[in-house]
Amino acid sequence: MTVLILGGAGYIGSIATTTLIEKGYDVAVIDDLSTGFLAAVNKNARFYKGEVGDIKFMRQVFMQEKEIEGILHFAAFSLVSESMKKPLRYFYNNVYGALVCLQVMQEFDVKHIVFSSTAATFGISEILPIIEETPTNPINAYGQSKLMMEQMMKWQSQASNMTYVALRYFNVAGAKSDGSLGEAHRCETHLIPIVLQVALGQRLEVTVFGDDYQTPDGTNIRDYIHVEDLIDAHLKALEYLKKGGKSDVFNLGSTKTNGYSNQEVLSAARKVTGHPIPAKIGARRLGDPDSLVASSQKAKEVLGWEVNFTSIEDIVASAWRWHKGHPRGYEE
(Lines give C-alpha, C1' and ligand atoms only; values in the text may rest on other atoms or scores of the structure.)
Protein backbone atom coordinates (compact mmCIF):
# COMPACT_ATOMS: atom_id res chain seq x y z
CA MET A 1 0.00 0.00 0.00
CA THR A 2 1.15 3.49 -0.89
CA VAL A 3 1.18 6.83 0.91
CA LEU A 4 0.81 9.71 -1.57
CA ILE A 5 2.52 12.92 -0.47
CA LEU A 6 1.30 16.14 -2.08
CA GLY A 7 4.00 18.82 -2.02
CA GLY A 8 6.73 16.27 -1.37
CA ALA A 9 9.51 18.46 -2.80
CA GLY A 10 8.97 21.22 -0.25
CA TYR A 11 10.52 21.76 3.18
CA ILE A 12 8.16 19.63 5.25
CA GLY A 13 7.02 17.30 2.48
CA SER A 14 10.55 16.25 1.50
CA ILE A 15 11.50 15.38 5.07
CA ALA A 16 8.18 13.54 5.46
CA THR A 17 8.92 11.54 2.30
CA THR A 18 12.33 10.38 3.52
CA THR A 19 11.04 9.68 7.03
CA LEU A 20 8.24 7.47 5.73
CA ILE A 21 10.62 5.58 3.43
CA GLU A 22 13.01 5.01 6.34
CA LYS A 23 10.09 3.56 8.30
CA GLY A 24 9.24 1.12 5.50
CA TYR A 25 6.34 2.91 3.79
CA ASP A 26 5.91 2.83 0.02
CA VAL A 27 5.76 6.48 -1.06
CA ALA A 28 4.75 8.43 -4.15
CA VAL A 29 5.18 12.21 -4.45
CA ILE A 30 3.34 14.91 -6.38
CA ASP A 31 4.88 18.39 -6.68
CA ASP A 32 4.86 21.07 -9.37
CA LEU A 33 8.29 22.36 -8.21
CA SER A 34 7.00 25.95 -8.09
CA THR A 35 8.43 26.31 -4.59
CA GLY A 36 9.98 22.88 -3.97
CA PHE A 37 13.21 21.29 -5.21
CA LEU A 38 13.60 18.04 -7.12
CA ALA A 39 16.93 17.47 -5.34
CA ALA A 40 15.03 17.26 -2.03
CA VAL A 41 12.86 14.32 -3.17
CA ASN A 42 14.03 10.93 -1.95
CA LYS A 43 15.20 8.78 -4.87
CA ASN A 44 13.21 5.82 -3.53
CA ALA A 45 9.92 7.68 -3.96
CA ARG A 46 8.05 7.67 -7.27
CA PHE A 47 7.86 11.29 -8.39
CA TYR A 48 5.14 12.92 -10.49
CA LYS A 49 5.55 16.52 -11.58
CA GLY A 50 2.28 18.39 -11.92
CA GLU A 51 -0.34 20.54 -10.24
CA VAL A 52 -2.73 19.17 -7.66
CA GLY A 53 -5.41 21.34 -9.26
CA ASP A 54 -5.02 19.59 -12.65
CA ILE A 55 -7.71 16.91 -12.47
CA LYS A 56 -6.55 15.10 -15.62
CA PHE A 57 -3.02 14.83 -14.20
CA MET A 58 -4.31 13.73 -10.79
CA ARG A 59 -6.46 11.01 -12.34
CA GLN A 60 -3.45 9.72 -14.25
CA VAL A 61 -1.41 9.49 -11.04
CA PHE A 62 -4.22 7.71 -9.17
CA MET A 63 -4.60 5.25 -12.06
CA GLN A 64 -0.89 4.42 -11.86
CA GLU A 65 -0.81 4.29 -8.04
CA LYS A 66 -3.53 1.70 -7.62
CA GLU A 67 -3.13 1.03 -3.89
CA ILE A 68 -3.13 4.43 -2.16
CA GLU A 69 -3.96 3.92 1.51
CA GLY A 70 -3.71 7.57 2.49
CA ILE A 71 -2.63 11.06 1.48
CA LEU A 72 -0.43 13.56 3.31
CA HIS A 73 -1.33 17.00 1.94
CA PHE A 74 1.46 19.64 2.11
CA ALA A 75 0.74 21.24 -1.29
CA ALA A 76 -0.26 24.82 -0.52
CA PHE A 77 1.14 28.30 -0.97
CA SER A 78 1.93 29.65 2.50
CA LEU A 79 3.29 33.22 2.44
CA VAL A 80 0.95 35.45 4.42
CA SER A 81 2.08 38.74 2.85
CA GLU A 82 1.87 37.32 -0.67
CA SER A 83 -1.62 36.00 0.02
CA MET A 84 -2.79 39.54 0.75
CA LYS A 85 -1.38 40.81 -2.55
CA LYS A 86 -2.46 37.82 -4.65
CA PRO A 87 -5.48 36.29 -2.90
CA LEU A 88 -6.89 34.70 -6.05
CA ARG A 89 -3.63 32.81 -6.59
CA TYR A 90 -3.98 31.37 -3.09
CA PHE A 91 -7.62 30.43 -3.46
CA TYR A 92 -6.93 28.77 -6.82
CA ASN A 93 -3.93 26.76 -5.68
CA ASN A 94 -4.99 25.98 -2.13
CA VAL A 95 -8.78 25.75 -2.27
CA TYR A 96 -9.38 24.58 -5.83
CA GLY A 97 -6.42 22.21 -5.54
CA ALA A 98 -7.96 20.66 -2.42
CA LEU A 99 -11.32 20.34 -4.18
CA VAL A 100 -9.71 18.42 -7.04
CA CYS A 101 -7.85 16.21 -4.58
CA LEU A 102 -11.07 15.31 -2.76
CA GLN A 103 -12.86 14.71 -6.05
CA VAL A 104 -10.21 12.27 -7.26
CA MET A 105 -10.06 10.58 -3.84
CA GLN A 106 -13.79 9.90 -4.16
CA GLU A 107 -13.46 8.61 -7.71
CA PHE A 108 -10.72 6.15 -6.75
CA ASP A 109 -12.09 5.30 -3.28
CA VAL A 110 -9.09 6.61 -1.33
CA LYS A 111 -10.37 6.91 2.21
CA HIS A 112 -7.84 8.82 4.35
CA ILE A 113 -6.17 12.24 4.19
CA VAL A 114 -3.97 14.06 6.72
CA PHE A 115 -4.01 17.75 5.97
CA SER A 116 -1.33 20.29 6.80
CA SER A 117 -3.34 23.19 8.22
CA THR A 118 -2.19 26.24 10.17
CA ALA A 119 -2.59 28.43 13.23
CA ALA A 120 -3.48 31.20 10.77
CA THR A 121 -7.03 29.81 10.74
CA PHE A 122 -7.49 31.32 14.22
CA GLY A 123 -6.43 34.87 13.42
CA ILE A 124 -5.78 36.89 16.57
CA SER A 125 -6.87 35.10 19.72
CA GLU A 126 -7.39 36.93 23.01
CA ILE A 127 -7.09 33.74 25.05
CA LEU A 128 -3.92 31.63 25.26
CA PRO A 129 -3.01 28.88 24.86
CA ILE A 130 -5.15 28.33 21.76
CA ILE A 131 -7.26 25.16 21.85
CA GLU A 132 -9.11 23.46 19.00
CA GLU A 133 -12.41 25.02 20.09
CA THR A 134 -10.99 28.56 19.90
CA PRO A 135 -13.10 30.44 17.31
CA THR A 136 -11.54 30.59 13.83
CA ASN A 137 -11.30 34.08 12.38
CA PRO A 138 -8.53 34.35 9.73
CA ILE A 139 -7.06 37.80 9.14
CA ASN A 140 -5.32 36.98 5.86
CA ALA A 141 -6.12 35.14 2.63
CA TYR A 142 -3.68 32.32 3.44
CA GLY A 143 -5.44 31.48 6.71
CA GLN A 144 -8.83 31.79 5.03
CA SER A 145 -7.80 29.41 2.25
CA LYS A 146 -6.65 26.80 4.77
CA LEU A 147 -9.88 27.11 6.74
CA MET A 148 -11.89 26.65 3.54
CA MET A 149 -9.86 23.51 2.81
CA GLU A 150 -10.72 22.20 6.28
CA GLN A 151 -14.40 22.94 5.74
CA MET A 152 -14.46 21.10 2.41
CA MET A 153 -12.97 18.02 4.06
CA LYS A 154 -15.51 18.25 6.88
CA TRP A 155 -18.50 18.21 4.54
CA GLN A 156 -17.04 15.57 2.24
CA SER A 157 -16.30 13.36 5.24
CA GLN A 158 -19.92 13.65 6.35
CA ALA A 159 -21.16 12.81 2.85
CA SER A 160 -18.85 9.84 2.16
CA ASN A 161 -16.58 7.20 3.70
CA MET A 162 -13.57 9.55 3.56
CA THR A 163 -11.96 10.47 6.88
CA TYR A 164 -9.48 13.25 7.58
CA VAL A 165 -7.26 14.81 10.19
CA ALA A 166 -6.38 18.51 9.95
CA LEU A 167 -3.25 19.47 11.88
CA ARG A 168 -3.15 23.16 12.78
CA TYR A 169 0.47 23.78 13.56
CA PHE A 170 2.31 26.86 14.59
CA ASN A 171 5.90 27.86 13.63
CA VAL A 172 7.72 24.90 12.08
CA ALA A 173 11.52 25.00 12.27
CA GLY A 174 14.60 22.81 12.34
CA ALA A 175 15.90 20.19 9.92
CA LYS A 176 16.33 16.45 9.60
CA SER A 177 18.55 15.39 12.48
CA ASP A 178 21.33 14.10 10.24
CA GLY A 179 21.52 17.47 8.45
CA SER A 180 20.61 15.98 5.06
CA LEU A 181 17.35 17.86 4.49
CA GLY A 182 16.14 21.24 5.69
CA GLU A 183 14.42 24.52 5.04
CA ALA A 184 15.20 26.23 1.74
CA HIS A 185 13.12 28.97 0.15
CA ARG A 186 13.95 31.07 -2.87
CA CYS A 187 12.68 34.07 -0.93
CA GLU A 188 13.17 33.49 2.79
CA THR A 189 10.62 34.96 5.22
CA HIS A 190 10.98 32.77 8.32
CA LEU A 191 12.85 34.07 11.35
CA ILE A 192 15.19 31.17 12.16
CA PRO A 193 16.59 30.72 8.61
CA ILE A 194 17.02 34.49 8.31
CA VAL A 195 18.91 34.63 11.61
CA LEU A 196 21.15 31.78 10.47
CA GLN A 197 21.79 33.52 7.14
CA VAL A 198 23.30 36.37 9.17
CA ALA A 199 25.54 33.88 10.96
CA LEU A 200 26.64 32.55 7.55
CA GLY A 201 27.47 36.05 6.31
CA GLN A 202 24.66 36.04 3.75
CA ARG A 203 22.92 38.98 5.47
CA LEU A 204 24.36 41.85 7.45
CA GLU A 205 21.70 41.81 10.16
CA VAL A 206 18.25 40.63 11.09
CA THR A 207 15.28 42.95 11.57
CA VAL A 208 13.01 42.35 14.55
CA PHE A 209 9.62 43.81 13.73
CA GLY A 210 8.54 45.69 16.83
CA ASP A 211 9.74 45.73 20.45
CA ASP A 212 6.69 47.25 22.12
CA TYR A 213 4.32 44.28 22.23
CA GLN A 214 2.60 43.20 25.43
CA THR A 215 5.21 40.50 26.13
CA PRO A 216 8.00 40.23 28.73
CA ASP A 217 10.72 41.52 26.37
CA GLY A 218 8.48 43.49 24.01
CA THR A 219 8.94 41.20 20.99
CA ASN A 220 6.45 38.76 19.43
CA ILE A 221 6.04 35.36 21.03
CA ARG A 222 5.49 32.31 18.84
CA ASP A 223 5.19 28.57 19.39
CA TYR A 224 7.95 26.63 17.61
CA ILE A 225 7.63 22.97 16.65
CA HIS A 226 10.46 20.89 15.20
CA VAL A 227 9.80 19.54 11.72
CA GLU A 228 10.49 15.94 12.79
CA ASP A 229 7.97 16.22 15.63
CA LEU A 230 5.48 17.62 13.12
CA ILE A 231 6.02 14.72 10.72
CA ASP A 232 5.64 12.24 13.56
CA ALA A 233 2.22 13.77 14.24
CA HIS A 234 1.26 13.27 10.58
CA LEU A 235 2.25 9.61 10.76
CA LYS A 236 0.35 9.07 13.99
CA ALA A 237 -2.68 10.80 12.45
CA LEU A 238 -2.56 8.54 9.38
CA GLU A 239 -2.32 5.40 11.50
CA TYR A 240 -5.15 6.72 13.69
CA LEU A 241 -7.39 7.04 10.61
CA LYS A 242 -6.39 3.62 9.27
CA LYS A 243 -7.46 2.09 12.60
CA GLY A 244 -10.92 3.66 12.27
CA GLY A 245 -10.39 7.00 14.01
CA LYS A 246 -13.01 9.65 13.30
CA SER A 247 -12.32 12.84 11.36
CA ASP A 248 -10.91 15.53 13.63
CA VAL A 249 -8.77 18.65 14.03
CA PHE A 250 -5.68 18.93 16.25
CA ASN A 251 -3.35 21.75 17.27
CA LEU A 252 0.40 21.13 17.27
CA GLY A 253 2.87 23.24 19.21
CA SER A 254 5.82 22.87 21.54
CA THR A 255 5.68 21.82 25.18
CA LYS A 256 6.61 25.33 26.37
CA THR A 257 3.34 26.85 27.48
CA ASN A 258 4.53 30.43 26.99
CA GLY A 259 6.23 30.04 23.60
CA TYR A 260 9.45 31.78 22.59
CA SER A 261 9.96 35.47 21.83
CA ASN A 262 11.94 36.79 18.88
CA GLN A 263 14.66 37.88 21.31
CA GLU A 264 14.82 34.39 22.80
CA VAL A 265 15.23 32.92 19.31
CA LEU A 266 18.05 35.38 18.65
CA SER A 267 19.76 34.49 21.93
CA ALA A 268 19.51 30.78 21.16
CA ALA A 269 20.99 31.31 17.68
CA ARG A 270 23.88 33.37 19.06
CA LYS A 271 24.67 30.61 21.54
CA VAL A 272 24.41 27.79 18.99
CA THR A 273 26.39 29.48 16.21
CA GLY A 274 28.89 31.47 18.28
CA HIS A 275 28.12 34.45 16.04
CA PRO A 276 26.99 37.87 17.41
CA ILE A 277 24.13 38.09 14.83
CA PRO A 278 23.52 41.85 14.69
CA ALA A 279 19.86 42.83 14.93
CA LYS A 280 17.89 46.03 14.56
CA ILE A 281 14.36 46.92 15.56
CA GLY A 282 11.96 47.68 12.72
CA ALA A 283 8.37 48.87 12.62
CA ARG A 284 5.59 46.51 13.58
CA ARG A 285 4.05 44.47 10.77
CA LEU A 286 0.34 44.99 10.23
CA GLY A 287 -1.75 42.28 11.85
CA ASP A 288 1.02 40.67 13.90
CA PRO A 289 -0.48 39.47 17.22
CA ASP A 290 1.53 39.77 20.44
CA SER A 291 1.54 36.03 21.14
CA LEU A 292 0.46 32.83 19.43
CA VAL A 293 0.80 29.70 21.55
CA ALA A 294 -0.95 26.36 21.11
CA SER A 295 -2.30 23.75 23.45
CA SER A 296 -1.34 20.32 22.05
CA GLN A 297 -3.07 18.35 24.78
CA LYS A 298 -5.71 16.87 22.48
CA ALA A 299 -3.08 15.50 20.06
CA LYS A 300 -1.26 13.90 22.98
CA GLU A 301 -4.40 12.30 24.38
CA VAL A 302 -5.99 11.11 21.11
CA LEU A 303 -3.01 10.48 18.82
CA GLY A 304 -0.45 9.58 21.48
CA TRP A 305 1.83 12.30 20.11
CA GLU A 306 4.80 13.53 22.15
CA VAL A 307 7.32 16.30 21.46
CA ASN A 308 10.97 15.19 21.32
CA PHE A 309 12.57 18.60 20.65
CA THR A 310 11.69 20.50 23.79
CA SER A 311 14.04 23.52 23.66
CA ILE A 312 14.49 26.32 21.15
CA GLU A 313 18.27 25.74 21.27
CA ASP A 314 17.81 22.14 20.08
CA ILE A 315 15.55 23.30 17.26
CA VAL A 316 17.97 26.03 16.17
CA ALA A 317 20.94 23.63 16.42
CA SER A 318 19.36 21.19 13.94
CA ALA A 319 18.58 24.05 11.55
CA TRP A 320 22.16 25.31 11.89
CA ARG A 321 23.52 21.87 11.04
CA TRP A 322 21.55 21.93 7.77
CA HIS A 323 22.30 25.56 6.81
CA LYS A 324 26.00 25.27 7.62
CA GLY A 325 26.29 22.17 5.44
CA HIS A 326 24.07 23.56 2.65
CA PRO A 327 24.59 27.34 2.63
CA ARG A 328 22.87 27.64 -0.76
CA GLY A 329 20.16 25.11 0.02
CA TYR A 330 19.34 22.76 -2.84
CA GLU A 331 20.67 25.14 -5.49
CA GLU A 332 24.27 24.05 -5.02
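Quick look at the structure, then.

Moving on, we come to helix 8 (residues 262-273). The terminal C-alpha atoms of helix 8 lie 16 Å apart, and with twelve residues this matches the ideal 16 Å at 1.5 Å per residue to within 8%. Burial in helix 8 covers these residues: Asn262, Val265, Leu266, Ala268, Ala269 and Thr273. Burial along helix 8 is one-sided: seen end-on, the buried residues are contained in an arc of 165 degrees. On its buried face, helix 8 is in contact with helix 6 (191-199), strand 8 (206-209), strand 10 (224-226), strand 12 (260-261), strand 13 (279-282) and helix 10 (312-325). At the exit of helix 8 stands glycine 274, carrying a positive phi of roughly 75 degrees.

Here we come to the packing of aromatic side chains. Here the structure, examined in full by the defined rule, presents six aromatic pairs. Ring centres of phenylalanine 62 and phenylalanine 108 lie 5.6 Å apart, and the angle between their planes is 50 degrees; this geometry places the pair in the tilted category. In this pair, phenylalanine 62 is assigned in helix 2 (residues 55-64) and phenylalanine 108 in the loop between helix 4 (87-107) and strand 5 (112-118), connecting sequence segments 46 residues apart. Judged by relative accessible area, which is 31%, phenylalanine 108 ranks as partly exposed.

So, about the nonpolar core. Counting 44 residues, the largest nonpolar core has Ile5, Ile12, Leu167 and Leu252 as the members making the most contacts within it. The set of elements that each furnish at least two residues to this core consists of strand 1 (2-6), helix 1 (11-22), strand 2 (26-31), strand 6 (163-169), helix 7 (227-242), strand 11 (248-252) and helix 9 (297-303). Looking at this core element by element, the count peaks at nine residues for helix 7. Each residue touching leucine 167, except ones within four places of it in the same chain, is listed here: Val114, Phe115, Ser116, Ser117, Thr118, Ala233, His234, Phe250, Leu252 and Leu303. Counting residues in hydrophobic clusters, the runner-up holds 28 residues, among them Ala28, Ile68, Tyr164 and Val249.

This next bit is on the side chain of threonine 215. Relative to the elements of secondary structure, threonine 215 occurs in the loop between strand 8 and strand 9 (221-222). Relative accessible area serves as the criterion here: at 12%, threonine 215 is assigned to the buried category. A polar contact is formed between the side chain of threonine 215 and the backbone nitrogen of glycine 218, at a distance of 3.0 Å. Non-local contacts of threonine 215, meaning those with residues more than four positions away in its chain, are made with Ile221, Asp290 and Ser291.

Here we take up the packing of helix 1 against helix 7. Contact geometry of helix 1 with helix 7 gives a least axis separation of 10 Å together with a crossing angle of 65 degrees. Here helix 1 and helix 7 pass one another in a crossing that is right-handed. Residue-level contacts link Tyr11, Ile12, Ile15, Ala16, Thr19 and Leu20 of helix 1 to Val227, Leu230, Ile231 and Leu235 of helix 7. Classifying every residue of the contact of helix 1 with helix 7 by side-chain character gives nine nonpolar, one polar and no charged.

With that settled, consider the pattern of salt bridges. Counted under the stated rule, the structure contains 16 salt bridges. The partner of lysine 298 in a salt bridge is aspartate 248, and the shortest N-O contact between them spans 2.7 Å. Within this pair, whereas lysine 298 is found in helix 9, its partner aspartate 248 is found in strand 11, the two being separated by 50 residues in sequence. On the accessibility criterion, aspartate 248 (13% relative accessible area) is buried. One salt-bridge network, in which partners are shared between bridges, spans Glu22, Lys176 and Asp178.

Relative orientation of the contacting elements helix 6 and helix 8 amounts to 40 degrees, with a least axis distance of 10 Å. It follows from the interaxial angle that helix 6 and helix 8 lie oblique. Taken as a pair, helix 6 and helix 8 cross one another with a handedness that is right-handed. Together, Leu191, Ile192, Val195, Leu196 and Ala199 of helix 6 and Asn262, Val265, Leu266, Ala269 and Thr273 of helix 8 make up the contact between the two elements.

Below, the discussion takes up unusual backbone geometry. With an omega dihedral of -5 degrees, the bond running from leucine 128 to proline 129 counts as a cis peptide bond. Here proline 129 is to be found in the loop between strand 5 and helix 5 (141-159). The residue aspartate 109 is not glycine, and still its phi comes out positive at about 55 degrees. As for its placement among the helices and strands, aspartate 109 is situated in the loop between helix 4 and strand 5. For aspartate 109, a relative accessible area of 42% puts it in the partly exposed group.

Conventions adopted
- Residues numbered from 1 in each chain as written.
- Predicted model: local features only at pLDDT ≥ 70, side-chain atom pairs only at ≥ 80, totals over all residues.
- Heavy atoms only, no water.
- Helix = DSSP H or I, 4+ residues; strand = E, 2+ residues; numbered from the N terminus.
- Expected span 1.5 Å × (residues − 1).
- Buried < 20%, exposed > 50% of the residue type's maximum accessible area, 1.4 Å probe, protein only.
- Arc of directions from axis to C-beta.
- Contact = heavy atoms within 4.5 Å.
- Phe/Tyr/Trp six-rings, centres within 6.5 Å; stacked < 30°, edge-to-face > 60°.
- Core = buried A, V, L, I, M, F, W, Y, C linked by side-chain atoms within 4.5 Å.
- Polar contact = N/O pair within 3.5 Å; in protein donor to acceptor, adjacent residues only side chain to side chain.
- Axes fitted to C-alpha atoms, helices over the stretch in contact; angles between N-to-C directions.
- Left-handed = near helix turned anticlockwise from the far one by under 90°.
- Nonpolar A, V, L, I, M, F, W, Y, C, P; charged D, E, K, R; others polar.
- Salt bridge = Lys/Arg side-chain N within 4 Å of Asp/Glu carboxyl O.
- Parallel < 35°, antiparallel > 145°, perpendicular 65-115°, else oblique.

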